[in-house]
Amino acid sequence: MKSFFKENFVLISGLALPLVLTLVFIGATHLKTPLKDPPKTPVIYAINYYEAIYDIHVTKDGKLELVYTPPDTSRGEYCCPNPPTLYVYTPSTQKEDKIPLPEFEKDKKFKGIIPHPNKLSAETTSPDGWRFEYDYNYNEGNLITIMFGGGSRYGAQNVLKKDTFRVPVSPRKYESGRFIGWSLPETK
Amino acid sequence: MLTAEKKNALEHISLLARENHLTLDEIGAYLTKTELTNKNSNWLINLMAYLGAAFIFGGLGLFIAMQWDSLDSLSRVIITLGPGITTFILGMICCYDARFIRAATPLFLKAAILQPIGMFTYLGEYVDGNDQQLGAMLVFGIVAIQFLLAFAIKRQTTLLFFGFLFWNAWLGIFMDRQDIAGNDIGMSMGLSIICFAWHFDKTMHRGISPFFYLIGSIGFLWSLFDYIESSPFDILFLPAAVITMLLSTRIRSRTLLGVGTLSLIGFLGYYTDHYFKDVVGWPIALMIMGFFFLGITAFAMKMGQRIKSTQ
């Protein structure tokens, strides 16, 4: 056995190197070291957001408001874009819940409050220092990845970011999220 | 596998080569020359055989392409995977008969092309889902195991070549699925491929080493450069290129020497552009350093000859 390893040391090392690296990566991604200062403030964001038609924003008194303007098809605006999907991500439970939009008529202008229990803040940074971002990365690839690994790679996900830490907000990728606001904790 | 007689003959040849200062190139050239002066008609038979095989498989490929839309799923799988499996089995049979052993290589080549195509066709026709990477991993994994197991039995170089190629295809996709950065994949797999080529360069399968030296060294150096380009550590590429050239002199690989030299020249161009743009003294300094290295080489050769003559 010893002589087998001695004779084939270079081959065994060469074959083992990428496998060991992969195991280290798998271990590192699954060993979740708890963050010292994890995000606490729930974040509200929208997917498939089309601001010209569906304007969702936080008012001065901290409420969530929807302003719907019917598209002007005479000026070439797209007739019927789907309404955006509104989500609230709660870091403490790591759950994402949909916020239903109010019912309204599609051919008339609408302005109304979207019910939400807490007061909201439109600040880009939460009270605990996190920011909502659509984290996009693109890797051109190299000879090895072009020949053996699928070439260039593109990844995108909605995350909460603080310094070098990032926390994924939803399991779905490639859905550009539009930040709306932070759901502030109730003050007693 | 080498018989005892062959091993003895090789030892004898190696001793003669060392005593008479014959290089591998000179031996290879002489063998090729004697082959060319052989005026029997074997070459015509070989040519006809290769042409016949090429026409058959060319015709099959064109037929498949023309009829593809009118074929149902089962026919598509049979017409792609079927010939792939058949040629592989024929290749293995040829390995057991010394008369047909030379036919094994083109048969395995065709199997290596047709089998993955057939398996991808099967996945496309019968399996739901849109995870193409997983499908590719399955296909390359199975073919890699198949070719490498066959190599373990018959020790055919072609089987090793394709087995390792498919293994790398599987490994690259597997590493990519673990979200490992492309440059890390490139560097680790590049080194792995160089190690593989180094090991088999010392065996009867050395014919495939130059190809893998080329892929491995370019892959490693390309990824390393991407990693450290425009960073304070970009100078580290210089020792990497030099080590590649050093390795090439140790293992006598012209492929590695070519890649190392071109990498070094390319890096000097990048470094000059980055840090010494419009500084005329820099290229002059490089040329002086180059003459200095050549001077050291001449001195080292003289010393080596003096040492040899005193022994």
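Residues numbered from 1 in each chain as written. Chains lettered and ligands numbered in written order. Predicted model: local features only at pLDDT ≥ 70, side-chain atom pairs only at ≥ 80, totals over all residues. Heavy atoms only, no water.

**Section: the overall build of chain B**
Then, in step 1: Check the secondary structure of chain B and you find 12 helices and zero strands.
Then, in step 2: Put simply, chain B runs from its N terminus to its C terminus through helices and strands in the order α-α-α-α-α-α-α-α-α-α-α-α.
Then, in step 3: For 311 residues, the compact-globule estimate of 2.2 N^0.38 gives 19 Å, and the C-alpha radius of gyration of chain B, at 25 Å, exceeds that figure by more than 25%.
Then, in step 4: For chain B, with 311 residues in total, the buried portion stands at 35%. (Helix = DSSP H or I, 4+ residues; strand = E, 2+ residues; numbered from the N terminus. Rg over C-alpha atoms; globule rule 2.2 N^0.38 Å. Buried < 20%, exposed > 50% of the residue type's maximum accessible area, 1.4 Å probe, protein only.)

**Some details on the pattern of salt bridges**
Oppositely charged side chains may form a pair once their charged atoms are brought near each other.
Then, in step 1: Tallied over the entire structure, the rule returns nine salt bridges over all chains.
Then, in step 2: The salt bridge partner of D37 of chain A is K40 of chain A, with a shortest N-O separation of 3.4 Å.
Then, in step 3: Since its relative accessible area comes to 53%, K40 of chain A is described here as exposed.
Then, in step 4: A salt bridge links R76 of chain B to E125 of chain B; the shortest N-O distance between them is 2.9 Å. Of this pair, R76 of chain B sits in helix α4 (residues 73-95) while E125 of chain B sits in helix α5 (residues 104-126), placing them 49 residues apart in sequence.
Then, in step 5: Salt bridges sharing common partners tie together D37, K40 and K162 of chain A. (Salt bridge = Lys/Arg side-chain N within 4 Å of Asp/Glu carboxyl O.)

**Here's the deal with the pairing of strand β11 (residues 177-183) of chain A**
All names here are of chain A.
Then, in step 1: Burial of β11 is extensive: six of the seven residues sit out of reach of the surface.
Then, in step 2: Summarising the sheet, strand β1 (residues 43-47) and β11 pair through five bridges and their orientation is antiparallel. Of the residues in β11, the one forming a bridge with I44 is G181. (Pairing = 2+ DSSP bridges.)

**Observations concerning the nonpolar core**
Then, in step 1: Ranked by size, the top nonpolar core spans 51 residues in total, and within it F148 of chain A together with F88, F147, L159, F166, F196 and F212 of chain B carry the most contacts.
Then, in step 2: Listed by contribution, the elements that provide at least two residues to this core are α3 (143-149) of chain A together with α4, α5, α6 (132-154), α7 (157-177), α8 (182-200) and α9 (209-228) of chain B.
Then, in step 3: At 12 residues, the largest contribution of residues to this core is made by α7 of chain B.
Then, in step 4: Those residues within four positions of F147 of chain B in sequence are excluded, and the remaining contacts are F88, F108, A111, A112, Q115, L159, F162, G163 and F166 of chain B.
Then, in step 5: A46, I56, Y68 and F110 of chain A belong to the second-largest nonpolar core, a separate cluster that totals 18 residues. (Core = buried A, V, L, I, M, F, W, Y, C linked by side-chain atoms within 4.5 Å. Contact = heavy atoms within 4.5 Å.)

**What about a nonpolar patch on the surface?**
Then, in step 1: A contiguous nonpolar patch, built from W43, L44, L47, M48, L51 and F55 of chain B and spanning about 650 Å² of accessible area, is present on the exposed surface.
Then, in step 2: The topology assignment puts W43 of chain B in helix α3 (residues 42-67). (Patch = residues over 30% accessible without salt bridge, like charges linked within 9 Å, V, L, I, M, F, W, Y side chains within 5 Å. Areas by Shrake-Rupley, 256 points an atom, 1.4 Å probe, with all protein chains shown as cover.)

**What about unusual backbone geometry?**
Negative phi characterises most residues that are not glycine, and trans characterises most peptide bonds.
Then, in step 1: Phi is positive for N48 of chain A, close to 55°, though the residue is something other than glycine.
Then, in step 2: Checked against the element boundaries, N48 of chain A lands in the loop between β1 and β2 (54-58).
Then, in step 3: With a phi close to 55°, R155 of chain B is a non-glycine residue in the positive phi region.
Then, in step 4: Within the secondary structure, R155 of chain B is located in the loop between α6 and α7.
Then, in step 5: You can call R155 of chain B partly exposed: its relative accessible area is 36%.

**Describing helix α11 (residues 254-275) of chain B**
All names here are of chain B.
Then, in step 1: Between the first and last C-alpha of α11 there are 31 Å, a value that for 22 residues agrees with the 32 Å anticipated at 1.5 Å per step.
Then, in step 2: Among the residues of α11, L256, V259, G260, S263, L264, F267, Y270 and Y271 are the ones counted as buried. The buried residues of α11 occupy an angular sector of 135° when the element is viewed end-on, so they sit on one face. Exposed and oriented more than 90 degrees from the buried face of α11 are R254, L262 and I265. (Expected span 1.5 Å × (residues − 1). Arc of directions from axis to C-beta.)

**Looking at the packing of α9 of chain B against α11 of chain B**
Residues and elements named next belong to chain B.
Then, in step 1: At a closest axis distance of 9 Å, the pairing of α9 and α11 adopts a crossing angle of 20°. The pairing of α9 with α11 is recorded here as roughly parallel in orientation. Here the hand of the crossing between α9 and α11 comes out right-handed. Residues P210, Y213, L214, S217, I218, L221 and F225 of α9 lie in contact with α11, whose contacting residues are T255, L256, V259, S263, F267 and Y270.
Then, in step 2: Split by residue class, the contact of α9 with α11 holds 10 nonpolar, three polar and no charged. (Axes fitted to C-alpha atoms, helices over the stretch in contact; angles between N-to-C directions. Parallel < 35°, antiparallel > 145°, perpendicular 65-115°, else oblique. Left-handed = near helix turned anticlockwise from the far one by under 90°. Nonpolar A, V, L, I, M, F, W, Y, C, P; charged D, E, K, R; others polar.)

**As for the sheet that holds β11 of chain A**
All names here are of chain A.
Then, in step 1: Taking strand neighbours across the sheet as the criterion, the five strands line up as β5-β4-β1-β11-β7 in an open arrangement whose pairing is antiparallel. Strands with a single pairing partner mark the edges of an open sheet, and in this sheet they are β5 (95-99) and β7 (120-121).
Then, in step 2: Relative to β11, β7 runs antiparallel, the two sharing two bridges. The partner of S121 across the bridge, within β11, is W182.

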